[in-house]
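Topology and contacts: notes
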Amino acid sequence: MFRTLLTLLRSLTALLLCAAAALSLAPAAHASQAADQVRAVDPSTTGSFPVAYTDLTVSASGRSFSARVWYPGTTAGANAPVAAGSHPGLAFGHGFFQAITQYESLLKHYASWGIITVAPKSQGGLLPSHSAFADDLNAALTWLTTQNNTTGSRFAGAVSTGRLAVSGHSMGGGAALLAASRNAAVKSVSTLAAAETNPSAVSASSALSIPVQYVGGSADSIAGVAGNQQKMYDAKPSATQLRVITGGFHCGFEDSSGIGCDSGTITRAAQLKLTYGVTTAWLLHTLGVDSSLYDQVWGSAAQNLAGVVYSAKP
């Protein structure tokens, strides 16, 4: 009898210990799984595609200029084949007197998320034409569409021609708005420290019905928010948003600073990471690539993102 009771007690103790272990391990396993899911949809981190690039001459719409194209590849590096699938297209405009290499990390980031980005090298002198630069951005998108339909082209069948966008920094941001106002093929716009242009990017904003994102830095002393992006945002009907990076500076959207650059109260690395996140989420969501990113564009995740002040007209 005593031995039987002892055996039962031992069995019960073992069961209780197993149950306690299971309860203590289950939350950890669940938390780990949740963390993996968060990382998987974090557009501020590098995407899944190897990043490739090619240097070439773009000729389209009566325009011709040198450009670099960053794109999702089967392998990383120069002139690699394009990754399988149909990818969104983006034309990106550089800032005043800035080389496109200043934006290499950003454009590589977009490519890692599957976006084919054409960066024209045109209008890089001291007397650029904002209007011509806008036309170059549109020509870049026209060229991409043509390449998609050209047998033997690296980009044949690789471009989702119904998912085209424009972007740019400073002068290039203003030119992107001009380009969008002239091109019905453009479905989304994302700008970085967009500067007023001639013709007016503010006026162009007022005429746009497609989604437009304005990203600025609160410490920008070159194309400050109040005199530039705020006016564009105020002029733009919905759907639009203004995302102001606290302590962000004008040259913080570039990979390095040169003569005449400003500074902010956050590091360049921190500013770029925030930029990667808010702009990549915007492009992928508004171009219809990933509807799950709604919360990071219009929802509570966007509204409560640390380090970024959010204003929106959904």
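One can find the structure itself at the top, above this paragraph.
Quick notes on the rules
- Residues numbered from 1 in each chain as written.
- Predicted model: local features only at pLDDT ≥ 70, side-chain atom pairs only at ≥ 80, totals over all residues.
- Heavy atoms only, no water.
- Helix = DSSP H or I, 4+ residues; strand = E, 2+ residues; numbered from the N terminus.
- Buried < 20%, exposed > 50% of the residue type's maximum accessible area, 1.4 Å probe, protein only.
- Contact = heavy atoms within 4.5 Å.
- Areas by Shrake-Rupley, 256 points an atom, 1.4 Å probe, with all protein chains shown as cover.
- Phe/Tyr/Trp six-rings, centres within 6.5 Å; stacked < 30°, edge-to-face > 60°.
- Patch = residues over 30% accessible without salt bridge, like charges linked within 9 Å, V, L, I, M, F, W, Y side chains within 5 Å.
- Salt bridge = Lys/Arg side-chain N within 4 Å of Asp/Glu carboxyl O.
- Polar contact = N/O pair within 3.5 Å; in protein donor to acceptor, adjacent residues only side chain to side chain.
- Disulfide = S-S within 2.5 Å.
- Pairing = 2+ DSSP bridges.
- Right-handed = clockwise from strand over helix to strand, strands pointing away.

**A short note on the overall build of the protein chain**
When you go through the protein chain residue by residue, the secondary structure sums to nine helices and ten strands. Here the protein chain holds 314 residues, and 49% of them are scored as buried. Contacts in the protein chain between residues far apart in sequence, at least 24 positions, make up 67% of those at least 6 positions apart. Element-wise, carbon and sulfur atoms account for 59% of the exposed surface of the protein chain, whose accessible area totals about 13600 Å².

**A few points about the packing of aromatic side chains**
Following the criterion strictly, the structure yields six aromatic pairs and no others. Taken together, a centroid distance of 5.0 Å and an interplanar angle of 50° make the contact between Tyr-53 and Trp-70 tilted. With a gap of 17 residues between them, Tyr-53 in strand S1 (residues 51-60) and Trp-70 in strand S2 (residues 63-72) connect regions that are remote in the sequence. The class of Trp-70 is buried, set by a relative accessible area of 5%. A ring pair is formed by Phe-96 and Phe-97, whose centres lie 6.1 Å apart and whose planes are at 35°; its orientation type is tilted. Here Phe-96 falls in the partly exposed class, since its relative accessible area comes to 41%. Relative accessible area serves as the criterion here: at 49%, Phe-97 is assigned to the partly exposed category. Taken together, the ring pairs connect Tyr-71, Trp-143 and Phe-155 into an aromatic cluster.

**Describing a nonpolar patch on the surface**
On the surface, a cluster of nonpolar side chains totalling about 500 Å² of accessible area is made up of Phe-96, Phe-97, Leu-126 and Leu-127. When you line up the elements, Phe-97 lands in the loop between strand S4 (87-93) and helix H2 (104-112).

**Here's the deal with the side chain of Asn-148**
Along the chain, the position of Asn-148 falls in helix H3 (residues 130-148). Polar side-chain contacts of Asn-148 include one of 3.4 Å to the side chain of Asn-149. Here Ala-158 takes part through its backbone nitrogen, which lies 3.1 Å from a polar atom of the side chain of Asn-148. Apart from the residues within four sequence positions on either side, Asn-148 is in contact with Phe-155, Ala-156, Gly-157, Ala-158, Val-159 and Thr-161.

**Topic: the state of the cysteines**
Tallied over the full model, the rule gives one disulfide. The disulfide bridge from Cys-251 ends at Cys-261, spanning 2.1 Å between sulfur atoms. Between Cys-251 and Cys-261, the disulfide has an S-S torsion of -85° and is therefore left-handed. On the criterion of sequence distance, the pair formed by Cys-251 in the loop between strand S9 (240-245) and helix H7 (268-286) and Cys-261 in the loop between S9 and H7 is long-range, its members being ten residues apart. By relative accessible area, which is 26% here, Cys-261 ends up partly exposed.

**Topic: unusual backbone geometry**
Most peptide bonds take the trans form, and the phi angle of most residues other than glycine is negative. A cis amide bond, omega 5°, links Asn-198 with the succeeding residue Pro-199. Considering the arrangement of structural elements, one finds Pro-199 in the loop between strand S7 (186-192) and helix H5 (201-206). Of note, the amide linkage connecting Ser-238 to Ala-239 takes the cis form, showing an omega dihedral of 5°. You can see Ala-239 is positioned in the loop between helix H6 (229-235) and S9. Residues other than glycine seldom take positive phi values, yet Asn-79 does so here, at roughly 60°. Positionally, Asn-79 belongs in the loop between strand S3 (77-78) and S4.

**Examining the pairing of strand S8 (residues 212-217)**
Counting buried positions over the six residues of S8 gives six, a clear majority of the element. Neither face of S8 is left uncovered, since the one carrying Val-212, Tyr-214 and Gly-216 and the one carrying Gln-213, Val-215 and Gly-217 both have all their residues buried. Pairing analysis gives four bridges linking S7 to S8, with the strands arranged parallel. When the bridges of S8 are listed, Val-189 appears paired with Val-212. In this fold, the crossover linking S7 to S8 by way of H5 has right-handed handedness. As paired elements, S8 and S9 share six bridges and run parallel to each other. Across the sheet, the residue bridging to Gln-213 is Gln-241, located in S9. Once the chain exits S8 it traverses H6 before rejoining the sheet at S9, and the crossover so formed is right-handed.

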